[in-house]
Amino acid sequence: RLFLYLAYQGVHAPRQAPAAYVEPYEKGIADPVRRTFAGMISALDEGIGNVTAALAARDMFADTLIVVTTDNGGPTTECSTTGQSNWPFRGSKCSVYEGGTRGTAFLHWQGLPRRGV
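The structure presented is a predicted model; accordingly, all values stated were derived computationally and were not measured. Throughout this description, residue numbers start from 1 for each chain and increase along the sequence as written. Owing to the predicted nature of the model, reporting of local features is limited to residues with pLDDT of at least 70; listing and counting of side-chain atom pairs is limited to 80 or more, with chain, interface and lining totals taken over all residues. Hydrogens and water molecules were not included; the side-chain quantities draw on all heavy atoms of the structure.

**Q** I keep staring at the overall build of the chain and nothing clicks. Help me out?
**A** Each helix is a run of H or I in the DSSP string that is no shorter than four residues. Each strand is a run of E no shorter than two, and both are numbered from the N terminus. Regarding its fold elements, the chain presents three helices and two strands. The order of helices and strands in the chain, counted from the N terminus, is α-α-β-α-β. The principal-axis extent of the C-alpha atoms belonging to the chain is close to 40 × 35 × 25 Å. Burial classes follow relative accessibility: with a 1.4 Å probe on protein chains only, a residue under 20% of its type's maximum area counts as buried, one over 50% as exposed, and anything between as partly exposed. Residues counted as buried form 22% of the 117 residues belonging to the chain. Contacts are assigned to residue pairs with any non-hydrogen atoms lying within 4.5 Å of each other. Expressed as a percentage of contacts within the chain between residues at least 6 apart in sequence, the contacts between residues at least 24 apart total 49%. We get accessible surface area from the Shrake-Rupley algorithm with a probe of 1.4 Å; when it comes to residues, only the shown protein chains can shield them. In the form shown here, the chain has an accessible surface area of approximately 8,800 Å², with 56% of it arising from carbon and sulfur atoms. Side chains of the chain give 11 positive and 10 negative charges; the mean places of these two sets differ by 5 Å. Positive charges are assigned to Lys and Arg, negative charges to Asp and Glu, while His and the chain termini are left out of the count. Throughout, a charge is located at the NZ atom of Lys, the CZ atom of Arg, the CG atom of Asp or the CD atom of Glu.

This is the structure in structure tokens:
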């Protein structure tokens, strides 16, 4: 059995990502702040993919509950921004509006009941 708590800080300040993750977005995202943010997300995605691949290689993936969550909405205008959008909510990380207090999450586990089954 394994308990792993992995707290990625991949989309927090400072707003930077290796060029290899930002370059694929040069033609599709005009805003350099949003482009860098997309690169930060790509690096995060690759890291999660590496963890899930390692679990699968060790025959542990099927028995693993993965929880991905956030602690707050992204900073947009009230405090330093790294390119997020909390649309359709107003406010951000540094406010008490829904954009600052709501976050997204998802669960993955092969043993989760399926909706409608």
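Structure shown, so let's carry the discussion forward.
**Q** So what exactly am I meant to see when it comes to helix H2 (residues 32-57) here?
**A** Turn by turn, an α-helix covers 3.6 residues, leaving residues three or four places apart pointing in a common direction. To estimate how far a helix should reach, multiply one less than its number of residues by 1.5 Å. The terminal C-alpha atoms of H2 lie 37 Å apart, and with 26 residues this matches the ideal 38 Å at 1.5 Å per residue to within 8%. Within the span of H2, buried status applies to Arg35, Thr36, Phe37, Ala38, Gly39, Met40, Ser42, Gly47 and Leu55. Packed against the buried residues of H2 are helix H1 (19-22). Downstream of H2 by one or two residues, Asp59 has phi in the positive range, about 60°.

**Q** Teacher, can you tell me more about the environment of Ala19 here?
**A** Tracing the chain through its elements places Ala19 in helix H1. With a relative accessible area of 45%, Ala19 lands in the partly exposed category. Sequence separation between Ala19 and Ala54 is 35 residues, and the spatial gap between their C-alpha atoms is 25 Å.

**Q** What is the right way to look at a nonpolar patch on the surface in this model?
**A** The residues that make up patches have over 30% relative accessible area and no salt bridge, and they are joined within 9 Å when like-charged or within 5 Å when they are Val, Leu, Ile, Met, Phe, Trp or Tyr. Counted as salt bridges are all cases of a side-chain nitrogen of Lys or Arg within 4 Å of a carboxyl oxygen of Asp or Glu. Where nonpolar side chains cluster on the molecular surface, the patch consists of Leu65, Val67, Leu107, Trp109 and Leu112 and spans about 450 Å² of accessible area. Topologically, Leu107 is positioned in strand S2 (residues 105-108).

**Q** Got a minute to help me understand the side chain of Arg35 in this structure?
**A** Along the chain, the position of Arg35 falls in helix H2. No salt bridge is formed by the buried Arg35; its nearest oppositely charged neighbour, Glu26, is found at 5.5 Å. Think of a polar contact as two N or O atoms within 3.5 Å of one another; within protein, one of them needs to be a possible hydrogen donor and the other a possible acceptor, and neighboring residues in sequence only count if both atoms come from side chains. Within the local environment of Arg35, its side chain forms a polar contact with the backbone oxygen of Ile29, the two atoms lying 2.6 Å apart. The residues contacting Arg35, other than those within four sequence positions of it, are Val22, Tyr25, Glu26, Ile29 and Ala30.

**Q** I'm lost on the environment of Leu107 in this one. Help?
**A** The sequence separation of Leu107 and Cys94 amounts to 13 residues, and the corresponding C-alpha distance is 26 Å. Residues contacting Leu107, with those up to four places away along its chain left out, are Leu65, Ile66, Val67 and Leu112.

**Q** Just to check I follow, could you spell out unusual backbone geometry for this structure?
**A** In terms of backbone geometry, most residues other than glycine have negative phi values and most peptide bonds are trans. Positive phi values are uncommon outside glycine, yet Asp59 reaches one of about 60°. One can find Asp59 in the loop between H2 and strand S1 (66-69). Residue Asp59 is classed as exposed on the basis of its relative accessible area of 70%.

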